[in-house]
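Survey of secondary and tertiary structure
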Amino acid sequence: MTVKKIALVTGANKGIGFETCRQLARLDFTVLLGCRDRDRGVAAAEKLRAEGLDVEPVRLDVTDSKDIGRVRDKVESEHGRLDVLINNAALSHPEDSANPNSCATVSMEALRATFAVNFFGLVELTQALLPLIRKSSAGRIVNISSILGSLTLHSDPKAGLDQFRPFAYDASKTAVNMFTVHLAALLKDTPVKVNSAHPGWVRTDIGGPDAPLDPVEGARTGVTLATLDEHGPTGGFFHMGKTMPW
Ligand SMILES: NC(=O)c1ccc[n+]([C@@H]2O[C@H](COP(=O)([O-])OP(=O)(O)OC[C@H]3O[C@@H](n4cnc5c(N)ncnc54)[C@H](OP(=O)(O)O)[C@@H]3O)[C@@H](O)[C@H]2O)c1
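Quick summary incoming for the structure in this document. Everything numeric here is computed off the predicted structure, so don't read it as measured data.

Tallying secondary structure elements over the chain gives eight helices and eight strands in all. A globule of 246 residues ought to have a C-alpha radius of gyration of about 18 Å, and the chain, at 17 Å, matches this closely. Expressed as lengths along the three principal axes of its C-alpha atoms, the size of the chain is roughly 55 × 40 × 35 Å. For the chain, buried positions account for 47% of its 246 residues. Residue pairs at least 24 apart in sequence account for 70% of intrachain contacts in the chain once pairs closer than 6 positions are excluded.

Now for the packing of helix H1 (residues 15-26) against helix H8 (residues 215-226). Where H1 contacts H8, the axes come no closer than 8 Å and their chain directions differ by 60 degrees. Put simply, H1 runs oblique to H8. Crossing angle aside, the handedness with which H1 passes H8 is right-handed. Residues Gly 15, Ile 16, Glu 19, Thr 20, Gln 23 and Leu 24 of H1 touch H8, and the partners they reach there are Pro 215, Val 216, Gly 218, Ala 219, Gly 222, Val 223 and Ala 226. Taken together, the residues of the contact of H1 with H8 sort by class into seven nonpolar, five polar and one charged.

Residues Ala 7, Cys 21, Val 31 and Leu 33 are the most contacted members of the largest nonpolar core, which totals 54 residues. The element that contributes the greatest number of residues to this core is helix H5 (residues 108-134), accounting for seven residues. Beyond its immediate sequence surroundings of up to four residues, Val 31 is in contact with Ala 7, Val 9, Cys 21, Leu 24, Ala 25, Asp 54 and Val 55.

Relative to the 28 Å expected for 20 residues at 1.5 Å per residue, helix H7 (residues 167-186) spans 29 Å between its end C-alpha atoms, a close match to the ideal helical length. Of the positions making up H7, those classed as buried are Ala 168, Tyr 169, Asp 170, Ala 171, Ser 172, Lys 173, Val 176, Asn 177, Phe 179, Thr 180 and Leu 183. Residues of H7 that are buried in the fold lie against helix H4 (94-97), H5, strand S5 (140-144), strand S6 (193-197) and strand S7 (237-239).

What surrounds the ligand is a group of 30 residues, the closest being Gly 11, Gly 15, Ala 89, Ala 90 and Gly 207. Of all the elements in the fold, those that place two or more residues in the shell around the ligand are H1 and H5. In terms of residue count, the dominant contributor to the shell around the ligand is H1 (three residues). Residue composition of the shell around the ligand, by class: 13 nonpolar, twelve polar and five charged.

Bringing H8 into the picture now. Every α-helix winds through 3.6 residues per turn, so residues three or four apart in the chain are directed the same way. Over its twelve residues, H8 extends 17 Å from the first C-alpha to the last, a length consistent with the 16 Å expected when each residue adds 1.5 Å. Among the twelve residues of H8, nine are classified as buried, and the element is accordingly described as predominantly covered. Looking only at H8, the buried set comprises Pro 215, Gly 218, Ala 219, Arg 220, Thr 221, Gly 222, Val 223, Leu 225 and Ala 226. Its buried side turned inward, H8 meets strand S1 (6-9), H1, strand S4 (84-87), S5, S6 and S7.

Right, let's get into the packing of H5 against H7. Put simply, H5 and H7 touch, their axes get as near as 9 Å, and they point 20 degrees apart. With respect to H7, the element H5 is oriented roughly parallel. For the pair H5 and H7, the sense of crossing is right-handed. On the side of H5, the interface is formed by Ala 110, Leu 111, Thr 114, Phe 115, Asn 118, Phe 119, Leu 122 and Val 123, while H7 contributes Ala 168, Tyr 169, Ser 172, Lys 173, Ala 175, Val 176 and Phe 179. When its residues are assigned to classes, the contact of H5 with H7 shows eleven nonpolar, three polar and one charged.

A separate point is the sheet that holds strand S3 (residues 55-59). Pairing between the strands of a sheet is mediated by backbone hydrogen bonds and can be parallel or antiparallel. If you walk across this open sheet you meet the eight strands as S3-S2-S1-S4-S5-S6-S7-S8, and the pairing is mixed. A single partner strand is all that each edge strand has here, and the edge strands are S3 and strand S8 (242-243). As paired strands, S6 and S7 are joined by two bridges and run parallel to one another. Opposite Ser 196, over in S7, you have Phe 237 as the bridge partner. H7 rests against S5, S6 and S7 of the sheet, and its axis sits at about 160 degrees to S6. Sitting on the sheet, H8 is in contact with S1, S4, S5, S6 and S7, with an inclination near 160 degrees to S5.

Let's shift gears to unusual backbone geometry. With phi around 75 degrees, Asp 28 is a residue other than glycine that occupies positive phi space. Its place among the elements puts Asp 28 in the loop between H1 and strand S2 (30-35). Of note, Met 240 is a non-glycine position whose phi angle comes to about 50 degrees, a positive value. Residue classification places Met 240 among the partly exposed positions, given that 14 C-beta atoms sit within 10 Å.

Analysis parameters
- Residues numbered from 1 in each chain as written.
- Predicted model: local features only at pLDDT ≥ 70, side-chain atom pairs only at ≥ 80, totals over all residues.
- Helix = DSSP H or I, 4+ residues; strand = E, 2+ residues; numbered from the N terminus.
- Rg over C-alpha atoms; globule rule 2.2 N^0.38 Å.
- Buried ≥ 20, exposed ≤ 12 C-beta atoms within 10 Å, placed from the backbone.
- Contact = placed C-beta atoms within 7 Å.
- Axes fitted to C-alpha atoms, helices over the stretch in contact; angles between N-to-C directions.
- Parallel < 35°, antiparallel > 145°, perpendicular 65-115°, else oblique.
- Left-handed = near helix turned anticlockwise from the far one by under 90°.
- Nonpolar A, V, L, I, M, F, W, Y, C, P; charged D, E, K, R; others polar.
- Core = buried A, V, L, I, M, F, W, Y, C linked by C-beta atoms within 7 Å.
- Expected span 1.5 Å × (residues − 1).
- Near = placed C-beta within 6 Å.
- Pairing = 2+ DSSP bridges.

Here it is in structure tokens:
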């Protein structure tokens, strides 16, 4: 009998996270679908269960330490380990995203709210689950970052990011990338792999209606990094199999 792998995806009631749950469940994972609202999480999981997929909702606001503790305890008592963590939940604050370059004006409230979800929540959850990920024979941590976190591309006038400098969002994703690099270095002598993913510009609430990719395509990079074999990379930043500049 093969033992099913367990994955947790945060912010998975819609968009890329929801589709990521579907793709992992189709690969025979047991998927814990994280959502900060219980009812919306149940409704999202029901849709995937109706497709015959093994998906269970878990209430998880990544800014709530109590939620994080409860999810850790649940995974520990029911599964004893976690094979895949996809840190997908994120916030694009309206005040930040309305401005093509918000660094001189973004409020501390918007900056703090963005970092609370995109960075502090991601780090706290990962720290809490790391002992369970270390118990997996092939733990995989995927941090859903963004091209907008790339210092190299933001410094390149030819990269075309001039109109895309929402400072709070971009800085939070740069910080996520640093966490990827440091955590991968910490875990380099273990089977655990840690990578950042740029999903592409995807039609979701964050990406907006004009984005060229649909969520099916947007979920691919994260799912590929979640299912790397033992020869796969760690400590990298990828989009659709290609390395992204930091
Ligand atoms: N779409 C793009 O073009 C694009 C490009 C680059 C990177 N990304 C990244 O891709 C990931 C998924 O975004 P998306 O495009 O799929 O956007 P989305 O549809 O808006 O999904 C964002 C998800 O994060 C959840 N979330 C927000 N705050 C949370 C919190 N405190 N705790 C738990 N969950 C929370 C949202 O829940 P609610 O429904 O409750 O708000 C939602 O489920 C994000 O990390 C984003 O930065 C997206």
